Amino acid sequence: MSCITFNVGTSFNLHGCIKHQFSKPIGFRNHCTFPKSSTHLSNTLNLSFTNRSFSLFDKRTCSFQTVFKCVAQSSEPSASVGVETNNNSERVPVLVIGGGGREHALCYALQRSPSCDTVFCAPGNAGIASSGNATCISDLDVNDGAAVESFCRKWGVGLVVVGPEAPLVAGLSNYLVKVGIPTFGPSAEAAALEGSKNFMKQLCDKYDIPTAKYKTFTDPSAAKQYIQEEGAPIVIKADGLAAGKGVTVAMTLEEAYEAVDSMLVKGDFGSAGCRVIVEEFLEGEEASFFALVDGENAIPLESAQDHKRVGDGDTGPNTGGMGAYSPAPILTKELESIVMDSIIMPTVKGMSAEGCKFVGVLYAGLMIEKKSGRPKLIEYNVRFGDPECQVLMVRLESDLVQVLLAACRGELSGVSLDWSPGSAMVVVMASKGYPGSYEKGTIIENLEEAELIASGIKIFHAGTAFDSEGRFIATGGRVLGVTAKGNDLEEARDRAYQAVENVNWPGGFYRRDIGWRALPRKQHTT
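- Taking an unreviewed UniProt entry as the reference, the protein chain is identified by name as phosphoribosylamine--glycine ligase belonging to Pisum sativum.
- Within the UniProt record for the protein chain, the comment given under Pathway (unreviewed entry) is "Purine metabolism; IMP biosynthesis via de novo pathway; N(1)-(5-phospho-D-ribosyl)glycinamide from 5-phospho-alpha-D-ribose 1-diphosphate: step 2/2."
- Database annotation for the protein chain, UniProt heading Sequence similarities (unreviewed entry): "Belongs to the GARS family."

Written as structure tokens, this is what we have:
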């Protein structure tokens, strides 16, 4: 094998506290991995690449039929970068794309994998960098496929894990798979399952996947006429990506009309709201179901359930998620089997039959109907949920690197996952005012002490940065995911709230009843 040699000092502009100084060039062999100590190079590496963009996939111009005229991921070149295909002893450098709580949880789980050499996260955040779970690459443009490829080749990255939906919908996975870099995450065409609710609904129609009755509209008058005919309560959804905020559960006709106007008339959601789905209201209990998919096979993850509403008792507007727990008692083994047979596998097989194989995580938002007890698909996401990912990753005991590589290679058949016994819970701490307007820059203190208040606690950062004095400040709506494990859900809940109550953040708030559907309600006060 040839050895590629470059000098760190000339190839990278390193900023921050460099723990290890190198006085000579570092050699990389074809399948050599960067040493474990590379995570200590710097909290942040700033890199500059030639700004070469890659082709984006625009579903706004595509019909259901044209979207399906796509090339399956498995037909792309299968050459790998930095990892031997069947050598389980190979330790692989991993690049995680994203900078939220989900990505922090993925970095945490990947770093614990025996097959992982080191973890990079782009762009990452202050909490990820300071935790030691990954080396954050703040200046890597994750929307530039050529820049990501260049980084992967220079650092011998053998697996890219794409966290958020936006880079997937834009085509990052397409680009990386095409140049031979193993990438966990669907192609842009397959990511349309999340990128277009109309696409997902039409797939359900074609392959008999149970979902709510619906109609799609671009004309506000026609939408309102249909709403009047159907009556309230009724659900209005923006077709495209709206950061988890494009759904209105309207309890009155007036609310429904206002939602239609905000999307189709006022353009509050931009291009995402140029088309709306009007959907029947399903009564029951929501649950989150996750499955790893390799294009043909799927294996379920442990169950989880989140709380979307901002207020206690599931009141107030929808958010990206205010907390979650795992396992979810409502998702019994019998129900899991029904979901796999009636929803997940028909989707996987349907996408494959249309020549558009799905590789990645299928996250099915389900409604377990009150009347029938049967599951119906509300929506698909094409990545790990946030905050469900946090409770799943602290419970996962399998080698995550090997599992995700198996998915990339189409080899999930026969793979089984190991989970820790007991339960886990995450309580999200958000900036006051979220999901509306909120103040940025508020100071957060006492995080290290809060993590040590009891065993099994891990605080994942979603929206944090450092101020000029090196203190954590809040930069987002959902800011911290205070996560705890316990022998049962009650113990996990008590530990999580113990930690939450020890975080000193006057600018934040949290729900005090996470898990209330699964456990007797217990109020927590600061």
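1. Re the sheet that holds strand E26 (residues 472-474)
Right, on to step 1. Pairing within the open sheet is antiparallel, and its 3 strands lie in the order E23-E26-E25. The open sheet has two edge strands with one neighbour each: strand E23 (443-444) and strand E25 (464-466).
Right, on to step 2. Here E23 runs beside E26; their pairing, made up of 2 bridges, is antiparallel. The partner of Ile443 across the bridge, within E26, is Ile473.

2. Side note on the pattern of salt bridges
Right, on to step 1. Tallying each qualifying case throughout the model produces 27 salt bridges.
Right, on to step 2. The closest approach of N and O atoms between Asp306 and Lys308, which form a salt bridge, is 3.1 Å.
Right, on to step 3. Classification of Asp306 as buried rests on a relative accessible area of 13%.
Right, on to step 4. Relative accessible area serves as the criterion here: at 24%, Lys308 is assigned to the partly exposed category.
Right, on to step 5. Between Arg517 and Asp314 there is a salt bridge, with its nearest N and O atoms 3.2 Å apart. Of this pair, Arg517 sits in the segment after strand E28 (508-509) while Asp314 sits in the loop between strand E17 (309-311) and strand E18 (315-318), and the two are 203 residues apart along the sequence.
Right, on to step 6. Ionic contacts of the salt-bridge type, sharing partners, join the residues Asp314, Arg511, Asp513 and Arg517 into one network.

3. A word on the environment of Gly476
Right, on to step 1. Inspection of the secondary structure puts Gly476 in the loop between E26 and strand E27 (478-486).
Right, on to step 2. As a C-alpha pair, Gly476 and Gly100 span 376 residues in sequence and 9.6 Å in three-dimensional space.

4. Concerning the state of the cysteines
Right, on to step 1. Counted according to the given criterion, the structure contains 0 disulfides.
Right, on to step 2. A disulfide-free cysteine, Cys121 has its sulfur positioned 3.9 Å from the sulfur of Cys107, the nearest such atom.

5. Overview of unusual backbone geometry
Most peptide bonds take the trans form, and the phi angle of most residues other than glycine is negative.
Right, on to step 1. Each neighbour pair has its own omega, and for Ala122 with Pro123 the value is 0°, a cis peptide bond.
Right, on to step 2. Note that Pro123 resides in strand E6 (residues 116-123).
Right, on to step 3. Across the junction of Tyr434 and Pro435, the peptide omega takes the value 10°, indicating a cis bond.
Right, on to step 4. One non-glycine residue, Asn446, lies in positive phi territory at about 75°.
Right, on to step 5. If you trace the backbone, Asn446 turns up in the loop between E23 and helix H15 (447-451).
Right, on to step 6. The class of Asn446 is partly exposed, set by a relative accessible area of 30%.

Basis of the calculations
- Every chain is numbered independently, its residues counted from 1 as its sequence is written.
- Local features in this predicted model are restricted to residues of pLDDT 70 or higher, and side-chain atom pairs are both shown and tallied only at a pLDDT of 80 or more, whereas totals for entire chains, interfaces and linings draw on every residue.
- Remark: hydrogens and water are excluded; side-chain values derive from all non-hydrogen atoms of the structure.
- UniProt positions are given in the numbering used here, feature names are shortened, and annotations may be inferred rather than shown by experiment.
- In this scheme, strands are said to pair when DSSP sees at least two bridges between them.
- Secondary structure follows DSSP: runs of H or I at least 4 residues long count as helices, runs of E at least 2 residues long count as strands, and numbering of each begins at the N terminus.
- Each reported salt bridge corresponds to a side-chain nitrogen of Lys or Arg within 4 Å of a carboxyl oxygen of Asp or Glu.
- Note on classification: 1.4 Å probe, protein chains only; a residue is buried when its accessible area is under 20% of the maximum for its type, exposed when over 50%, partly exposed between these limits.
- What counts as a disulfide here is a pair of cysteine sulfur atoms lying within 2.5 Å.

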